[in-house]
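Reading the structure
Residues per chain are reported as follows:
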Amino acid sequence: MHTRRVEWRAGNVDDEKVMFQKRLSACAAQIDACLNNMLTETPRDGEIARPPRLIAAMRHGVLNGGKRLRPFLLVETAAMFGMKRTAALNAAAALECLHCYSLIHDDLPVMDNDDLRRGQPTVHRAFDEATAILAGDSLLTFAFEILASSGTHSDPAIRIELVAMLARASGMAGMAGGQMLDLENEARTLQPEEASLVQQMKTAALIRFACEAGAVLAGASRRERAALAGYGESIGKAFQLADDILDITASAETLGKQTAKDSERGKATLVSIIGLKDAIAMKQDLLRDARAQLAQFGERAQLLHQAAYFIVHRDH
Ligand code: IPE
Ligand code: IPE
Ligand code: MG
Ligand code: MG
Ligand code: MG
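All values reported here derive from a predicted model rather than from experimental measurement.

1. Here's the deal with the site of ligand 1
For ligand 1, the full set of nearby residues is Gly66, Lys67, Arg70, His99, Leu103, Arg118, Thr203, Phe239, Gln240, Asp243 and Arg314. At 2.8 Å, a side-chain N or O of histidine 99 approaches an oxygen atom of ligand 1. The fraction of the free accessible surface of ligand 1 (390 Å²) that becomes covered by protein chains is 89%. When atom positions are compared with the pocket grids, ligand 1 is found to occupy the largest cavity. When residues of the shell around ligand 1 are traced back to their parent elements, those giving at least two are α4 (89–106) and α10 (222–249). Within the shell around ligand 1, the residues separate by chemical class into two nonpolar, four polar and five charged.

This is the structure:
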């Protein structure tokens, strides 16, 4: 079995961090159980068949020890407005399916050509490229099937809103668009603003969705929703900045994926453009921006403050 890497670095553990880790692990376990239950070979109502090889590839790409940070943010944002955590799990599982699809396709030979993901062979390595593409396609569409299902929210208007939000966050002007720019940028010299736009689209859009969706699901006001979208955007950018920094500074054992990939592919990232020192300072600025958005929620936002801290100071 895989080990879930959510621990804080030894010797740097205070009460807040332990509490945060516990909450993240608890949410991850619930999401895993939910996804394990959804991704079965047995056809559901109205389905004809589920090809075992496709399901096996989807399970390989999903049930493999991801941090489950996006589902966690969605569930905890909804919980801040009084929603029961279990009631937000469906939407959170949909988001994780979409995220896992993005990783499966990101690892393909025609994209980043990676062999290792979450400490295991990537889906196209464990299966084959065509199966990996189809597993990704199926996870992408399954995400929307989950969001549209009545178990996600009793109000169909909310479900439609979530569907539209996720489509925007993951499509041409969001994650997929960001991936396009990222690939195009491999052969170019970039301005910092261009690298920042890539981060915003390929990564922050989905993290922003996590936080805004939690607010929408729980019936938050427009003002509250906007603040959480802003919070998600800032931590999303910080998250990709940390990913690019870790690509340079961390080991494959710690990350569960190959490192030094960006420089190997000649890919300019914000870190390679502005340098490690300024990138670390930028992460701190983003942390400050994110936390400022939480001011209106007072004590209720304690866990989201911790999440922002965790993302900025993460070591895997
Ligand atoms: C990796 O995301 C891809 C990026 C956007 C940097 P995560 O670091 O959240 O990966 P998992 O889900 O924990 O494997
Ligand atoms: C991936 O960025 C962002 C996605 C939308 C999947 P990276 O290509 O840097 O992510 P890793 O390092 O492979 O996880
Ligand atoms: Mg990539
Ligand atoms: Mg990659
Ligand atoms: Mg990376």
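The structure having been displayed, the exposition proceeds.
2. A word on the coordination of the magnesium ion (ligand 4)
Around the magnesium ion (ligand 4), the donor atoms from the protein are Asp106 (OD) and Asp112 (OD), and they sit 2.0 to 2.1 Å away. Separating the magnesium ion (ligand 4) and the magnesium ion (ligand 3) is a distance of 3.1 Å, and aspartate 106 donates to both of them. The same class applies to aspartate 106 as to aspartate 112, namely buried.

3. Observations concerning the packing of aromatic side chains
In total, this model carries three aromatic pairs according to the counting rule given. Summarising the aromatic geometry, the rings of phenylalanine 20 and phenylalanine 72 are spaced 5.4 Å apart at their centres and angled 85° between planes, so their arrangement reads as edge-to-face. Of this pair, phenylalanine 20 sits in helix α1 (residues 15–38) while phenylalanine 72 sits in helix α3 (residues 69–80), placing them 52 residues apart in sequence. Classification of phenylalanine 72 by relative accessible area gives buried; the value is 0%. Note on phenylalanine 81 and phenylalanine 297: the rings are 5.8 Å apart at their centroids and 85° apart in plane angle, and the pair reads as edge-to-face. Residue phenylalanine 81 is located in the loop between α3 and α4, and its partner phenylalanine 297 is located in the loop between α14 (276–293) and α15 (302–312); the two are separated by 216 residues in the primary sequence. Here phenylalanine 81 falls in the buried class, since its relative accessible area comes to 18%. Each member of the aromatic cluster is reached from another via a ring pair, and the members are Phe20, Phe72 and Phe310. Sitting over the ring of phenylalanine 239, arginine 314 keeps its end group 3.8 Å from the ring centre.

4. Considering the packing of α14 against α15
It is at 10 Å that the axes of α14 and α15 come closest, and there the two elements cross at 170°. If you check the angle between α14 and α15, you find them roughly antiparallel. Of α15, the residues touching α14 (which contributes Lys283, Gln284, Leu287 and Arg291) are His305, Ala308, Tyr309 and Val312. Class assignment of the residues belonging to the contact of α14 with α15 gives a composition of four nonpolar, two polar and two charged.

5. Some thoughts on the state of the cysteines
Considering all chains together, one arrives at zero disulfides under this definition. In this structure cysteine 34 is not part of a disulfide, and its nearest cysteine sulfur, from cysteine 97, lies 8.6 Å away. Taking the relative accessible area as the measure of exposure, cysteine 34 reaches 15% and is therefore buried. No disulfide involves cysteine 100; its sulfur sits 6.7 Å from that of cysteine 97, the nearest cysteine.

6. Observations concerning the site of ligand 2
Close to ligand 2 lie 13 residues, the nearest being Asp106, Asp112, Arg117, Lys257 and Lys261. Here an oxygen atom of ligand 2 and a side-chain polar atom of arginine 117 are 2.8 Å apart. Interatomic distance of 2.5 Å between a side-chain N/O atom of lysine 257 and an oxygen atom of ligand 2. At a threshold of 2 Å from the grid points, most atoms of ligand 2 map onto the largest cavity. Counting residues per element, the ones that place at least two in the shell around ligand 2 are α4, α8 (175–184), α9 (192–217) and α10. Of the residues forming the shell around ligand 2, the biggest block, three residues, is contributed by α4. Considered class by class, the residues forming the shell around ligand 2 number two nonpolar, four polar and seven charged.

7. Looking at α4
Its 18 residues give α4 an end-to-end C-alpha distance of 25 Å, which sits within 8% of 26 Å, the value for a rise of 1.5 Å per residue. Buried residues dominate α4, accounting for 18 of its 18 residues.

8. Some remarks on the nonpolar core
Residues Leu73, Leu74, Leu139, Leu228, Tyr231 and Ile235 are the most contacted members of the largest nonpolar core, which totals 86 residues. Leaving out residues up to four positions away in the same chain, tyrosine 231 has contacts with Leu73, Cys211, Ala290, Gln293, Leu294, Leu304, Ala307 and Ala308.

9. What to know about the packing of α10 against α15
Interhelical geometry of α10 versus α15 gives an angle of 20° and a closest axis separation of 8 Å. The pairing of α10 with α15 is recorded here as roughly parallel in orientation. Between α10 and α15 lies a crossing whose hand is left-handed. On α15, the residues that touch Leu228, Tyr231, Ile235, Ala238, Phe239 and Ala242 of α10 are Leu304, Ala307, Ala308, Ile311 and Val312. In terms of residue class, the contact of α10 with α15 is made up of eleven nonpolar, no polar and no charged.

10. With respect to the side chain of lysine 283
Residue position: lysine 283 is located in helix α14. Of the side chains with opposite charge, aspartate 315 lies nearest to the buried lysine 283, which makes no salt bridge, at 10 Å. With residues up to four places along the chain from it excluded, the contact list for lysine 283 reads Ala238, Leu241, Ala242, Ile245 and Val312.

What counts as what
Residues numbered from 1 in each chain as written. Chains lettered and ligands numbered in written order. Predicted model: local features only at pLDDT ≥ 70, side-chain atom pairs only at ≥ 80, totals over all residues. Heavy atoms only, no water. Near = heavy atom within 4 Å. Polar contact = N/O pair within 3.5 Å; in protein donor to acceptor, adjacent residues only side chain to side chain. Areas by Shrake-Rupley, 256 points an atom, 1.4 Å probe, with all protein chains shown as cover. 1 Å grid on protein atoms, 1.4 Å probe; cavity = no way out; pocket = protein on both sides within 12 Å on 5 of 7 lines; lining within 4 Å. Sits in = over half its atoms within 2 Å of the grid points. Helix = DSSP H or I, 4+ residues; strand = E, 2+ residues; numbered from the N terminus. Nonpolar A, V, L, I, M, F, W, Y, C, P; charged D, E, K, R; others polar. Donors = N, O, S within 2.8 Å, 3.2 Å for Na, K, Ca; no water. Buried < 20%, exposed > 50% of the residue type's maximum accessible area, 1.4 Å probe, protein only. Phe/Tyr/Trp six-rings, centres within 6.5 Å; stacked < 30°, edge-to-face > 60°. Lys NZ or Arg CZ within 6 Å of the ring centre and 35° of its normal. Axes fitted to C-alpha atoms, helices over the stretch in contact; angles between N-to-C directions. Parallel < 35°, antiparallel > 145°, perpendicular 65-115°, else oblique. Contact = heavy atoms within 4.5 Å. Disulfide = S-S within 2.5 Å. Expected span 1.5 Å × (residues − 1). Core = buried A, V, L, I, M, F, W, Y, C linked by side-chain atoms within 4.5 Å. Left-handed = near helix turned anticlockwise from the far one by under 90°. Lys, Arg positive; Asp, Glu negative; His and termini not counted. Salt bridge = Lys/Arg side-chain N within 4 Å of Asp/Glu carboxyl O.

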